[in-house]
Amino acid sequence: TPFTSSDTISAPASAWKNRLVLRSGAAFAWRVRGGQIDFNPPLALEGQVENGTPLPVFAPAAPESDFAIFLALNFPFFIPHQVIKLGLKATYVAGGPFTSYADDFAVPRGFPESYARAIPGGALAGIDYLVPIALLDQPLFFGLAITALGLGLHAEGMGQWDIAPLQGTASSVVYIGGDLTLNLVYGSYSLPIGLGLAARIDMIAPNAFDMQNDLRLYAFIGFDSFGSFARQGRMSGARASP
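Conventions and cut-offs
- Residues numbered from 1 in each chain as written.
- Predicted model: local features only at pLDDT ≥ 70, side-chain atom pairs only at ≥ 80, totals over all residues.
- Heavy atoms only, no water.
- Core = buried A, V, L, I, M, F, W, Y, C linked by side-chain atoms within 4.5 Å.
- Buried < 20%, exposed > 50% of the residue type's maximum accessible area, 1.4 Å probe, protein only.
- Helix = DSSP H or I, 4+ residues; strand = E, 2+ residues; numbered from the N terminus.
- Pairing = 2+ DSSP bridges.
- Axes fitted to C-alpha atoms, helices over the stretch in contact; angles between N-to-C directions.
- Salt bridge = Lys/Arg side-chain N within 4 Å of Asp/Glu carboxyl O.
- Patch = residues over 30% accessible without salt bridge, like charges linked within 9 Å, V, L, I, M, F, W, Y side chains within 5 Å.
- Areas by Shrake-Rupley, 256 points an atom, 1.4 Å probe, with all protein chains shown as cover.
- Contact = heavy atoms within 4.5 Å.
- Phe/Tyr/Trp six-rings, centres within 6.5 Å; stacked < 30°, edge-to-face > 60°.
- Lys NZ or Arg CZ within 6 Å of the ring centre and 35° of its normal.

(A) Structural context of the nonpolar core. Core analysis: the biggest nonpolar cluster contains 14 residues, and F70, L124 and Y175 have the highest contact counts within it. When contributions to this core are tallied by element, the ones reaching two or more residues are β3 (64-76), β9 (167-186) and β11 (215-221). Among the elements that take part in this core, β3 stands out by supplying three residues, more than any other.

Pasting the structure below:
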């Protein structure tokens, strides 16, 4: 349930929950780097899988093992320096069965809320069109400067899946958006910071689009808002409810 910072001070001991989780993972990455204006590798393949298994230390519980999977492929567009990126984020909860599953890793840009589902697996597939706009040397203030601009457009869709029995369903909702990245420099330090806008559209009922609820801003670090698993840090991932 929603809570505030002050609530954590006055909360009784019964409101706290302890978990001890054993984590493991494996990753690989292969990249062909381009020139200075190739903010995103024109050819790249990246993958990572992470597992989190809660240990029955604080309270006995049904066996549970949570997986997060990240895959991404970059390949060049027919216009030089422009890149197409195909990406997949997926989660799966082994064990149970549980009454419900939640996921805040395989979620669309601009809509980071945890999504509940009735089956163990969740997935997010996306396609990005990444364009370098310009290399710059534009001073700002207090020693800051902008040295590069990048543009990204994307479309994403969500689904659910299970292994046993093998099944999968795709949502009728699609997420489309675009973002702009500025490479900020201070002395020898640089940091690409992006800001984007995403829309949620139900293809079955597109007229139900509500600008207040279905249009969101999002921020990120990098020239690629889909990101890499490593840059996102450890996934908060999937989880189950008894």
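Moving on from the coordinates now.
(B) Layout of the sheet that holds strand β8 (residues 144-162). One open sheet accounts for nine strands, arranged β1-β2-β3-β4-β7-β8-β9-β10-β11; its pairing is antiparallel. Looking along the sheet, the strands with just one partner apiece sit at the ends: β1 (20-32) and β11. Neighbour to neighbour, the strand axes of the sheet diverge by 15 degrees on average, direction disregarded. Inspection of the sheet shows β3 paired to strand β4 (residues 83-95) by 13 bridges, in the antiparallel sense. Paired with A68 across the strands is T91, a residue of β4.

(C) Inspection of the pattern of salt bridges at higher detail. Counted by the stated rule, this structure contains seven salt bridges. D103 is the salt-bridge partner of R117, the closest N and O atoms lying 3.6 Å from each other. Pair noted here: R117 is in strand β6 (residues 115-117) and D103 is in strand β5 (residues 100-103), with a separation of 14 residues, a long-range link. With a closest N to O distance of 2.9 Å, R200 and D214 form a salt bridge. Here R200, found in strand β10 (residues 189-202), pairs with D214, found in helix α2 (residues 211-214); they are 14 residues apart in sequence, far enough to count as distant. It is possible to trace a salt-bridge network through shared partners that takes in R109, D128 and E156.

(D) A look at a nonpolar patch on the surface. Residues F28, W30, V32, L43, L45, L71, L73, F75, L86, L88 and I127 make up a contiguous nonpolar surface patch of about 890 Å² in total accessible area. When contributions to the nonpolar patch are tallied by element, the ones reaching two or more residues are β1, β2 (43-55), β3 and β4. Residue L43 is classed as partly exposed on the basis of its relative accessible area, which comes to 35%.

(E) Quick look at the environment of G157. Structurally, G157 is set in strand β8. In this structure G157 comes out as partly exposed when scored by relative accessible area, which is 23%. In sequence terms G157 and I201 are 44 residues apart; their C-alpha atoms lie 10 Å from each other. Setting aside residues no more than four positions away along its own chain, G157 makes contact with A123, L124, A125 and V173.

(F) Highlighting unusual backbone geometry. A164 connects to P165 through a cis peptide bond whose omega is 0 degrees. Summarising the element assignment, P165 is placed in the loop between β8 and β9. One non-glycine residue, F142, lies in positive phi territory at about 55 degrees. Mapped onto the elements, F142 comes out in the loop between β7 (121-139) and β8. Judged by relative accessible area, F142 falls into the exposed class, the value being 74%.

(G) Geometry of the pairing of β8. In this sheet, β8 lies alongside β7 in antiparallel orientation, the contact comprising 16 bridges. If you follow P139 over to β8, its bridge partner there is A145. With 17 bridges connecting them, β8 and β9 associate as antiparallel partners. Note that in β9 the partner of I146 across the bridge is L184. With antiparallel pairing between neighbouring strands as the criterion, β8 and β9 make up a hairpin whose turn holds four residues.

(H) The arrangement of the packing of aromatic side chains in detail. Under the criterion given, the structure shown has nine aromatic pairs. Here the aromatic rings of F77 and F78 are separated by 4.3 Å at their centres, their planes lie at 40 degrees, and the arrangement is tilted. An aromatic cluster of three or more residues is present, and its members are F77, F78 and Y129. Above the plane of the ring of F105 lies K89, whose end atom (NZ or CZ) is 6.0 Å from the centre. K89 extends its terminal NZ or CZ atom over the ring of F226, reaching a point 4.5 Å from the ring centre.

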